[in-house]
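As a plain string of letters, each chain reads:
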Amino acid sequence: MLDLNFIREHTDEVKEALAKLHAVAPIDEILKLDEERRTLLAESETLRARRNAVSKEMGALQRQIQQTQGKDQEKLRERFAETREEMRQVGERIKAIEEQMVQVETLLKKALLEVPNMPHESVPVGADESDNLIVRTEGEPRQFDFEPLPHWELGPMLGLIDFERGVKISGTRFYVLTGLGARLQRALTAWMLDLHVMEHGYTEVYLPFMVKQDCMWGAGQFPKFRENVYYDTEDDLYLVPTAEVPITNLHRDEILEPGTLPLRYVACTPCFRREKMSAGRDTRGIKRVHQFDKVEMYKFVEPHTSYDELEAMVRDAEDICRGLGIPHRIVQMCTGDLGFQAAKKYDVEMWAPGCGEWLEVSSLSNCEEFQARRANIRYRPAKGEKPRFVHTLNGSGLALPRVMIAIMENYQQADGSIAVPEVLIPYMGGIREIKV
RNA sequence: GGAGGGAUGGCCGAGUGGACUAUGGCGACGGUCUUGAAAACCGUUGUGGCGGCAACGUCACCGGGGGUUCGAAUCCCUCUCCCUCCGCCA
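This structure is a prediction, so every number in the text was calculated from the model and none was measured. (Residues numbered from 1 in each chain as written. Chains lettered and ligands numbered in written order. Predicted model: local features only at pLDDT ≥ 70, side-chain atom pairs only at ≥ 80, totals over all residues. Heavy atoms only, no water.)

(A) How the structure looks around the pattern of salt bridges. Scanning the entire structure with this criterion turns up 30 salt bridges. Arg288 serves as the salt-bridge partner of Asp282, at 2.8 Å between the closest nitrogen and oxygen. A relative accessible area of 23% means that Asp282 is categorised as partly exposed. Look at the salt bridges and you will find they share partners, linking Arg136, Glu138, Glu318, Asp319 and Arg322 into a network. (Salt bridge = Lys/Arg side-chain N within 4 Å of Asp/Glu carboxyl O. Buried < 20%, exposed > 50% of the residue type's maximum accessible area, 1.4 Å probe, protein only.)

Given below as structure tokens:
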């Protein structure tokens, strides 16, 4: 969410940004509603001030009545009744104005929630993903002296993935990991979490996988991704599409005291996505599925540090790629591919020789104040100072199925077996090779 | 799931219709005193909106929402959360 004052005072700048994003948002409507709201507010406040003052007088008057007798008391009683009638009308007027104001405010809030974040000045202008910038590539794609297989062949062949049974029990885009497949994912998860906790300074958290609707708005998932989440209508709870949602809301409606920031969290949660918008795409294998695990990094930081923290987070994600010895590259999103909440965003992609494509294994964003404003997360820069909105950053570190794909496809050997990456061997109980 | 009790400022806690539009205490901060500190004493101490260059003024907020009333922290309804007891359960 953008600052209403900012929209009012920098309208042209906001509209220009929207054009770069190729997004539409009801800016003029917002300005109109804001104007209306402030007019109504001034009116109701004037009336309230009057009522407050008169109410106080009426209290005094009533005490006076009790201390008086006879004719004088009669007079005072009359005055009291007159004032009461007058105030009754003021009360009705206040009520009417406030009803109007509630309507205006509801519309205003709804409109504000539809406005995407503004891109940072360092973001290249572009139309769509073809204008994204490849920042750097690390590691040489391995040369095979045989035809590398895609994971959807390797998985079943080695008894790591069972597609049929996944579909049988839950339908398309569900899968089952079996035996060393399940173990490999568990090893990978444990290793990634350990690295972030012990080397990168994150605090591990275990989170609810179902959240209230407020959380979805707070993290900026709603209104845009409403169609894409699973939910339970009976309790009005939503299955998390990413750990970013519950983590953002950890500090919702809080004012963090001086010295608290930065807060760096890491969590592994399942992610549930209906993938309605990509129906029919990537239907083979486990690249795009309805349920997957993801290790997520998240930071709450002071505004002046957020861009350094973003670069650091990118390095943390790269450390995983490097540790696994998988060729990868960093891509910077252009304005047209930034999405709804990010002011700046990088993707980390791993090379998958079997499918022959770069797989997005991480997406790292600086949301600046956008989520903080929605979720009302502030900090106090120093004792006695006014609270300010924090900056929030999120990034996968990393998404499990796609890293599984990359490992299987990069580490496959001529005889169909898969070597276990060095760093994972201790987590695999010493197993160095997965074979039939 | 059943029965009962709660929710007030950073914390504790008073307040059952108007009198300071939240008493008092603790903590924190500033000051006086002191070589320094403690104690004592004095003062300050929430969030947000609107208006104003500003000092400041004003309005709202006593878990959330609604109602009664000229006027609600206070009365009524409702929701959420917490606590106690009972039942069930990995």
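(B) Structural context of the nonpolar core. Core analysis: the largest hydrophobic core is formed by 58 residues, its most contacted members being Leu188, Leu324, Met350 and Leu398. Looking at this core, the element that brings in the most residues is helix H10 (residues 306-324), giving eight residues. Setting aside residues no more than four positions away along its own chain, Leu324 makes contact with Leu188, Trp191, Met350, Val403, Ile407, Tyr411, Pro421, Val423 and Leu424. In terms of nonpolar packing, the next biggest core, distinct from the first, is built from 30 residues, Ala17, Phe80, Leu108 and Met118 among them. (Core = buried A, V, L, I, M, F, W, Y, C linked by side-chain atoms within 4.5 Å. Helix = DSSP H or I, 4+ residues; strand = E, 2+ residues; numbered from the N terminus. Contact = heavy atoms within 4.5 Å.)

(C) Geometry of the protein's contact with RNA strand B. Contacts to RNA strand B come from 24 residues, most closely from Glu45, Asn52, Gln62, Arg63 and Arg378. Taking all atoms of RNA strand B within 4 Å of the protein, the share assigned to sugar and phosphate is 61%. Asn52 has a polar side-chain atom sitting 2.6 Å from a base oxygen of RNA strand B. Between a sugar or linking oxygen of RNA strand B and a side-chain N or O atom of Arg63, the distance comes to 3.1 Å. Those elements giving two or more residues to the surface near RNA strand B turn out to be helix H3 (27-67) and helix H4 (70-112). (Near = heavy atom within 4 Å. Polar contact = N/O pair within 3.5 Å; in protein donor to acceptor, adjacent residues only side chain to side chain.)

(D) Seen up close, unusual backbone geometry. Residue Pro223 is bonded to the preceding Phe222 through a cis peptide linkage, with omega at 5°. Mapping Pro223 onto the fold places it in the loop between helix H8 (213-218) and strand E6 (231-232). Omega for the peptide link from Leu261 to Pro262 comes to 0°, which places this bond in the cis form. The phi angle at Arg173 is positive, at roughly 70°, despite the residue not being glycine. As for its position among the elements, Arg173 is in the loop between helix H6 (163-170) and strand E3 (176-177). Positioned with a positive phi, Asp253 is a non-glycine residue whose angle comes to about 55°. With respect to the helices, strands and loops of the structure, Asp253 is situated in the loop between helix H9 (244-250) and strand E8 (254-256). The exposure class of Asp253 is exposed, given its relative accessible area of 53%.

(E) Representation of the sheet that holds strand E7 (residues 237-239) in the model. Ordered by their spatial adjacency, three strands build an open sheet running E5-E7-E6, and the pairing between neighbours is antiparallel. Each having just a single partner strand, strand E5 (210-212) and E6 make up the two edges of the open sheet. The sheet contact formed by E6 and E7 spans two bridges and is antiparallel. Each residue of the ladder has a partner; that of Asp232, found in E7, is Leu237. (Pairing = 2+ DSSP bridges.)

(F) Highlighting the domain arrangement of chain A. Domains assigned within chain A are domain 1 (4-112) and domain 2 (129-434). Centre-to-centre, using C-alpha coordinates, domain 1 lies 47 Å away from domain 2. (Domains from an automatic or database assignment.)

(G) Region of interest: the state of the cysteines. The full count for this structure, using the stated rule, is zero disulfides. The thiol of Cys215 is not disulfide-bonded; the next cysteine sulfur, from Cys271, is found 15 Å away. (Disulfide = S-S within 2.5 Å.)

(H) Representation of the sheet that holds E8 in the model. Here three strands make up an open sheet; going across it, the order is E8-E14-E15 and the pairing mixed. Here the strands that pair on one side only, and so sit at the sheet edges, are E8 and strand E15 (388-389). The pairing of strand E14 (residues 377-379) with E15 spans two bridges and is classified as antiparallel. Paired with Tyr379 across the bridge in E15 is Arg388.

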